Amino acid sequence: MRPFEYQRPTTTDSALAAIAPGAAFIAGGTNLIDLMKLEVMAPDTVIDISRLGMDGIEEDDGGVRIGATVTNSDLAADRRVRRDYPVLSRALLAGASGQLRNKATTGGNLLQKTRCPYFYDTDTPCNKREPGTGCAAIGGEQRNHAILGTSEHCVALHPSDMAVAMRALDAVVEIRGAGGETREIDLEKFYLLPEDRPQDETVLEPGELIAAARLPAPKGTRQVYRKVRDRASYAFALVSIGAVLEMEAGRISHAAVAFGGIGVKPWRDGAVDDLLTGEEPSEGLFEQAGEVLMRDARPSDGTEFKVGLTQRLLKAVLTEATQ
Amino acid sequence: MKIELTVNGTARALDLDPRVTLLDALREHLKLTGSKKGCDHGQCGACTVIAGGRRINACLSLAVMHDGDEITTVEGLAEATGGTLQQAFVRNDGMQCGYCTPGQLCSATAMLDELREGWPSHVSDDLNGPYELTHEEVSERMSGNLCRCSCYPGINAAITEAGAAK
Ligand SMILES: Cc1cc2nc3c(=O)[nH]c(=O)nc-3n(C[C@H](O)[C@H](O)[C@H](O)COP(=O)(O)OP(=O)(O)OC[C@H]3O[C@@H](n4cnc5c(N)ncnc54)[C@H](O)[C@@H]3O)c2cc1C
Ligand code: SF4
Ligand code: FES
Ligand code: FES
């Protein structure tokens, strides 16, 4: 690990004042310390934001406001989240391990880096880590890569479970800027496609801090999270789906379906939600949804299996959610 | 940097480079070598300690982030909990080489607390409980602790026994 200076401010304002080019915020540290050990990331200053009082979960206009340093454990166990946003509790509980969830935070989870093995290996070319060097994953080991939203420069996927559920719940990210001003952005617009700049992952400007994630009042009571992985626990998703549905008079009145393990960002496709909305649930409809979802998929030999796997999982999730 | 940790009930002053992980501070600086280093990347659980009442991977935390925190390691666990769990590990053949055992013990102790506080798990049918200490629940809740010797049946039985005894 490269040497760095450590600071632990006690107010958000002093944290924002301390951040400068070359510095990084640290929350739980479960991703950043890992990457610093490998020297994939080498900040010269590390600013600890764990004691800024951003760890509250509050009622917010019929929804909830989740502070950026609320741990994944506390969020999953929160009574209101379990009752109104079970898809979020389920997604969190399907991620990482008990120990990691106790440290991992809401903001850190949203900003965790891809698990592309080449990104972690400084001996291989990687456009995300070192822009312009190429992409070792294309033509290399591809099992854990994306099939939707990829570019010829990067095929890395976003590994979060939590963010998939938050996509289905229409989460909004609350951001504090260096001047102390607050702006809000829909999670939908928070992540960027890799295109020809895979190093730019989100709309966060240098020096900006995630203060909270907000969830509006739940729009559906039928919430399901399913995750398929190589072992029963403590593994990233091959494919995961978070669905928030509502039914009225035998028809789907609200559909929000988000996907993990297949997209360069936590994925949601308006065309899938639109296709389902207003319809009577049926196997045919669910199969059609799977076709629409994959219309622009660009799988490789290594990720081809994800197309069918996702479509089967989607059928199972929608069946469960509409029963 | 100067920091103070309360380790197993005793205040310990340390002067550390910020790069030192909590695990290395315990093992190399305080010579508490009970906590083990398996992977050093959060993937095995051998380094599990209890910080502020919660189990964490000491390898993925900087010691300086814990200034003022209370840390319990395997060395202080018996005093803190009475040793029921350790005895259950012996009775149920919960180890072979023993390398993962300190992490298993710290993790299981805090996991049983989480259960008492009513935390759900991935395999809980109802997110609002009640949760039984079934084989499946123990496996899921302990999945962050790997055992190279694959003593999982014994580990699971020991934790179930100790959990029921409380
Ligand atoms: C072995 C292992 C298995 C895992 N399995 C899963 C899994 O199955 N599913 C899953 O979803 N995740 C998994 N994870 C990832 C884990 O969820 C993340 O490491 C964690 O959520 C990151 O949160 P953190 O608070 O520790 O972030 P940190 O490591 O502290 O920070 C991560 C990044 O976010 C930045 N940052 C953090 N907070 C803020 C903020 N408020 N504002 C601005 N920038 C900020 C940091 O500068 C850093 O770049 C796993 C991790 C490990 C090590
Ligand atoms: S897929 Fe993206 S992260 Fe992985 S090697 Fe290619 S450019 Fe790097
Ligand atoms: S040594 Fe910390 S998890 Fe393996
Ligand atoms: S007893 Fe050998 S690693 Fe678990």
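Shown above is the structure to which this text applies.
Residues numbered from 1 in each chain as written. Chains lettered and ligands numbered in written order. Predicted model: local features only at pLDDT ≥ 70, side-chain atom pairs only at ≥ 80, totals over all residues. Heavy atoms only, no water.

S.K.: What am I meant to see in the site of ligand 1 here?
M.R.: Taken together, 36 residues sit near ligand 1, with F25, T30, L32, T105 and D161 of chain A positioned nearest. More than one chain reaches ligand 1: the nearby residues come from chains A and B. Within the complex, the protein chains bury 95% of what would otherwise be the 980 Å² of accessible surface of ligand 1. With four residues, the single largest contributor to the shell around ligand 1 is helix α7 (residues 106–111) of chain A. (Near = heavy atom within 4 Å. Areas by Shrake-Rupley, 256 points an atom, 1.4 Å probe, with all protein chains shown as cover. Helix = DSSP H or I, 4+ residues; strand = E, 2+ residues; numbered from the N terminus.)

S.K.: Quick question: what am I supposed to make of the interface of chain B and chain A here?
M.R.: Where the parts come together, the accessible area they lose is often given as the size of the interface. Across the contact, 42 residues belong to chain B and 38 residues belong to chain A. Summed over both sides, the interface between chain B and chain A buries roughly 3300 Å², with carbon and sulfur atoms accounting for 53% of that surface. Put simply, chain B and chain A have three salt bridges between them. R8 of chain A is the partner of D67 of chain B in a salt bridge, and the nearest nitrogen-oxygen pair spans 3.9 Å. Taken together, the links from chain B to chain A amount to 25 residue pairs in polar contact (both at pLDDT 80 or more). Of all the secondary-structure elements, those providing two or more residues to the side of chain B that touches chain A are β4 (54–57) and α4 (101–116) of chain B. Ranked by residues supplied to the side of chain B that touches chain A, first place goes to β4 of chain B with four residues. Of the residues that constitute the side of chain B that touches chain A, the class distribution is 14 nonpolar, 18 polar and 10 charged. (Contact = heavy atoms within 4.5 Å. Buried area = accessible area lost by both parts, 1.4 Å probe. Salt bridge = Lys/Arg side-chain N within 4 Å of Asp/Glu carboxyl O. Polar contact = N/O pair within 3.5 Å; in protein donor to acceptor, adjacent residues only side chain to side chain. Nonpolar A, V, L, I, M, F, W, Y, C, P; charged D, E, K, R; others polar.)

S.K.: Could you clarify how one ought to interpret the sheet that holds strand β5 (residues 63–67) of chain A in this entry?
M.R.: The strands making up a sheet associate through backbone hydrogen bonding, with each pair oriented either parallel or antiparallel. Residues and elements named next belong to chain A. Across the sheet, five strands lie side by side as β4-β5-β8-β6-β7; this open sheet has antiparallel pairing. This sheet does not close on itself; its edge strands, each paired only once, are β4 (57–60) and β7 (182–186). The mean angle between the axes of side-by-side strands here comes to 25°, regardless of whether they run parallel or antiparallel. Two strands pair when backbone bridges link them, and β5 and strand β8 (residues 209–215) are joined in this way by four bridges, in the antiparallel orientation. If you follow G67 over to β8, its bridge partner there is A212. (Pairing = 2+ DSSP bridges. Axes fitted to C-alpha atoms, helices over the stretch in contact; angles between N-to-C directions.)

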